[in-house]
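Residue strings, one per chain:
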Amino acid sequence: MAGATGLLPEAAGEELDAYLARWRQAAAGRDAVAETIAALARATAEIAALVRLGPLAGALGAAAGAANADGDIQKKLDVLANDAVLKALRACEAVAYFASEEEEEIQSLRAGGACAVAVDPLDGSSNIDANTSIGTIFSVYPASPDGATGSFFRPGSEQVAAGYAIYGPFSALVLTLGAGVDMFVLDPSGLYRRADAHMSIPRSTREYAINASNYRYWLEPVRDFIDDCIAGAEGPRAKDFNMRWLASLVGDTHRILSRGGVFLYPADKRPGYERGRLRLMYEAAPIAFLVEQAGGDATDGLTRILDKVPGALHERTPLVFGSSDKVARIVEHHADSSHARIRSPLFGKRGLFRA
Ligand code: AHG
Ligand code: MN
Ligand code: MN
């Protein structure tokens with residue numbers, strides 16, 4: 001029986017290259033995407049080898065001297081990771097355009113290339129020296145005849161592939177080609193091997209992820225949702241919750257893909273955070289594609305992330321994603337009409353919305 005990717009019976013431990021070879025043979029028009037994913041896999045295996053050295057590779061977490069276009073101080077590893085991905089994609093005949101957190105502008109790599117790739121080359125930069133999970137996030141679109149901007153300034157629902165490499169206790173590539181989410185673990189020889197049946201997110205959860213130090217800056221719908229979680233069994237939700245916050249989007253995403261949960265990086269009242277902190281094109285959109293493919297949901301509180309069209313390369317968006325019951329409840333909180341209803345003593349106390 002074909003698996004979720006429309007492939008023949010899936011083999012655990014199968015090398016990524018063999019998996020991509022079967023996928024591209026299963027239908028026409030898949031060669032360019034398969035070659036692009038293979039190039040990204042080579043680049044991320046190279047980055048993983050560097051990350052694994054830690055301080056032996058030099059002060060990877062030290063400032064590289066400049067700030068990137070979004071104003072973040074670039075760490076050495078941000079630059080090295082960006083260089084590794086750019087080198088691999090330049091060598092790949094399939095890639096026409098390259099967008100990156102670490103680049104001011106979209107790069108044109110190859111006339112006639114069929115794909116456009118947006119990356120966060122190193123996600124979780126504040127954790128590099130803390131030896132906690134960091135990663136590389138990627139998003140693949142068909143190259144548009146309208147050129148570079150037409151290739152990236154479009155709804156995330158037009159992605160043909162997305163995923164991330166996570167450099168953690170084990171390193172892995174988590175990938176969707178539009179029919180489910182597969183995980184490939186990096187083995188000691190540097191090969192990615194398929195490790196799991198498709199990843200899926202449970203509908204409900206009692207675990208949320210948010211940077212609670214920003215509590216005083218949050219807007220009311222988020223504060224009310226979190227207040228209710230903190231009130232636990234004695235509060236309107238009549239059950240206790242747990243909290244995790246890794247400050248690495250890839251780490252929090254991997255946990256949610258592995259056991260469920262809901263992640264929030266909302267808009268807040270700090271200057272520059274009117275749309276939160278995360279970038280739509282190379283963080284929110286690829287993560288949203290993965291999450292929806294795994295049965296979860298991703299929104300900015302009002303709009304589905306995959307329906308949003310970026311107006312600029314580094315445009316930010318509020319981001320809420322994970323277990324669909326919790327995402328639905330947070331959307332309820334944001335819908336003005338129902339916000340008051342949810343908060344009214346009747347609904348609040350009786351917890352009619354027990355999601
Ligand atoms: P990056 O290192 O690519 O800038 O991403 C960091 C992001 C994301 O990984 C994480 O969820 C968030 O920043 C953490 O933000 P705070 O440091 O404000 O908690
Ligand atoms: Mn990031
Ligand atoms: Mn980054």
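Residues numbered from 1 in each chain as written. Chains lettered and ligands numbered in written order. Predicted model: local features only at pLDDT ≥ 70, side-chain atom pairs only at ≥ 80, totals over all residues. Heavy atoms only, no water.

Digging into the environment of leucine 290
Following the sequence through the fold, leucine 290 ends up in helix α7 (residues 280-293). The sequence separation of leucine 290 and aspartate 182 amounts to 108 residues, and the corresponding C-alpha distance is 9.6 Å. Leucine 290 has contacts with Ala162, Gly163, Tyr164, Val174, Leu175, Thr176, Val181 and Leu257, leaving out every residue within four places of it along the chain. (Helix = DSSP H or I, 4+ residues; strand = E, 2+ residues; numbered from the N terminus. Contact = heavy atoms within 4.5 Å.)

Quick notes on the coordination of the manganese ion (ligand 2)
Distances from the manganese ion (ligand 2) to its protein donors, Asp120 (OD), Asp123 (OD) and Glu283 (OE), fall at 2.0 to 2.1 Å. Binding-site remark: the manganese ion (ligand 2) is held by donors from one chain whose sequence spacing is D-x2-D-x159-E. Here the manganese ion (ligand 3) and the manganese ion (ligand 2) are spaced 3.7 Å from one another, each receiving a donor from aspartate 120. The residues aspartate 120 and aspartate 123 share a single accessibility class, namely buried. (Donors = N, O, S within 2.8 Å, 3.2 Å for Na, K, Ca; no water. Buried < 20%, exposed > 50% of the residue type's maximum accessible area, 1.4 Å probe, protein only.)

Considerations on the pattern of salt bridges
Under the counting rule described, the total for this entry stands at 22 salt bridges. For glutamate 315, the salt bridge identified is with arginine 275, shortest N-O distance 3.6 Å. With glutamate 315 in the loop between β14 (297-299) and β15 (319-322) and arginine 275 in the loop between β13 (262-265) and α7, this pair connects stretches of sequence that are 40 residues apart. Taking relative accessible area as the criterion, glutamate 315 reaches 17% and is therefore assigned buried. In this structure arginine 275 comes out as partly exposed when scored by relative accessible area, which is 45%. (Salt bridge = Lys/Arg side-chain N within 4 Å of Asp/Glu carboxyl O.)

Focus on the nonpolar core
Leu16, Ile37, Leu40, Leu89, Leu177 and Tyr192 are the most contacted members of the largest nonpolar core, which totals 45 residues. Sort the elements by how many residues they give to this core and helix α2 (residues 31-53) lands first, with 11 residues. In this view, tyrosine 192 contacts Glu14, Glu15, Leu16, Ala41, Thr44, Ala45, Ala165, Ala172, Leu173, Phe184, Val185 and Leu186; residues no more than four positions away in its chain are not counted. In terms of nonpolar packing, the next biggest core, distinct from the first, is built from 32 residues, Ala209, Leu278, Val291 and Ile305 among them. (Core = buried A, V, L, I, M, F, W, Y, C linked by side-chain atoms within 4.5 Å.)

Observations concerning the environment of leucine 302
Within the secondary structure layout, leucine 302 lies in the loop between β14 and β15. Put simply, leucine 302 and histidine 333 are 31 residues apart on the chain and 9.7 Å apart in space, counted from C-alpha to C-alpha.

As for the pairing of β15
Neither face of β15 is open: one carries Leu319 and Phe321, the other Val320 and Gly322, and all of them are buried. Here 4 bridges tie β13 to β15, and the two strands are oriented antiparallel to one another. Note that in β15 the partner of phenylalanine 263 across the bridge is phenylalanine 321. (Pairing = 2+ DSSP bridges.)

Remarks on the domain arrangement of the protein
Splitting the protein by domain gives domain 1 (16-196) and domain 2 (207-350). Between the C-alpha centres of domain 1 and domain 2 the distance comes to 25 Å. Contact residues are listed per partner, giving 48 residues for domain 1 and 32 residues for domain 2. Counting the surface domain 1 buries against domain 2, the share from its top three residues, Asp70, Phe153 and Tyr164, is 21%. Where domain 1 touches domain 2, the interface holds 3 salt bridges. Two residues, aspartate 72 and arginine 277, come together in a salt bridge whose shortest N-O distance is 3.8 Å. Counting the contacts that link domain 1 with domain 2 gives 15 residue pairs in polar contact (both at pLDDT 80 or more). (Domains from an automatic or database assignment. Buried area = accessible area lost by both parts, 1.4 Å probe. Polar contact = N/O pair within 3.5 Å; in protein donor to acceptor, adjacent residues only side chain to side chain.)

Examining the coordination of the manganese ion (ligand 3)
Protein coordination at the manganese ion (ligand 3) comes from Glu101 (OE), Asp120 (OD) and Leu122 (O), with a distance range of 2.1 to 2.3 Å. Along the chain, the residues that donate to the manganese ion (ligand 3) are spaced as E-x18-D-x1-L.

A look at unusual backbone geometry
Of note in this structure, asparagine 131 is not a glycine but carries a positive phi near 55 degrees. Assessed through its relative accessible area of 73%, asparagine 131 is described here as exposed. Despite not being glycine, alanine 247 shows a phi value in the positive range, around 60 degrees. Residue placement: alanine 247 occurs in the loop between β12 (242-243) and α6 (249-259).

Let's talk about the sheet that holds β13
The pairing of strands in a sheet comes from backbone hydrogen bonds and takes either a parallel or an antiparallel form. Read from one edge to the other, the open sheet built from 5 strands follows the order β12-β11-β13-β15-β14, with strand pairing classed as mixed. The open sheet terminates on both sides in strands that have one partner only, identified here as β12 and β14. Alignment of β14 against β15, held across 3 bridges, turns out to be antiparallel. Looking across to β15, one finds that aspartate 297 is bridged to glycine 322. Each of β14 and β15 touches α7; the most contacted strand, β15, lies at about 20 degrees to it. Sheet contacts for helix α8 (residues 324-334): β13, β14 and β15; angle to β15, the most-contacted strand, approximately 150 degrees. (Axes fitted to C-alpha atoms, helices over the stretch in contact; angles between N-to-C directions.)

Focus on the packing of aromatic side chains
Across all of its chains, the model carries 6 aromatic pairs by this definition. Residues tyrosine 19 and phenylalanine 184 carry aromatic rings whose centres are separated by 4.9 Å and whose planes lie at 75 degrees to one another, so their mutual orientation is edge-to-face. With a gap of 165 residues between them, tyrosine 19 in helix α1 (residues 16-25) and phenylalanine 184 in strand β9 (residues 181-186) connect regions that are remote in the sequence. Considered together, tyrosine 19 and phenylalanine 184 belong to a single accessibility category, that of buried residues. Over the ring of tyrosine 273 we find arginine 316, and its NZ or CZ is 5.2 Å from the ring centre. (Phe/Tyr/Trp six-rings, centres within 6.5 Å; stacked < 30°, edge-to-face > 60°. Lys NZ or Arg CZ within 6 Å of the ring centre and 35° of its normal.)

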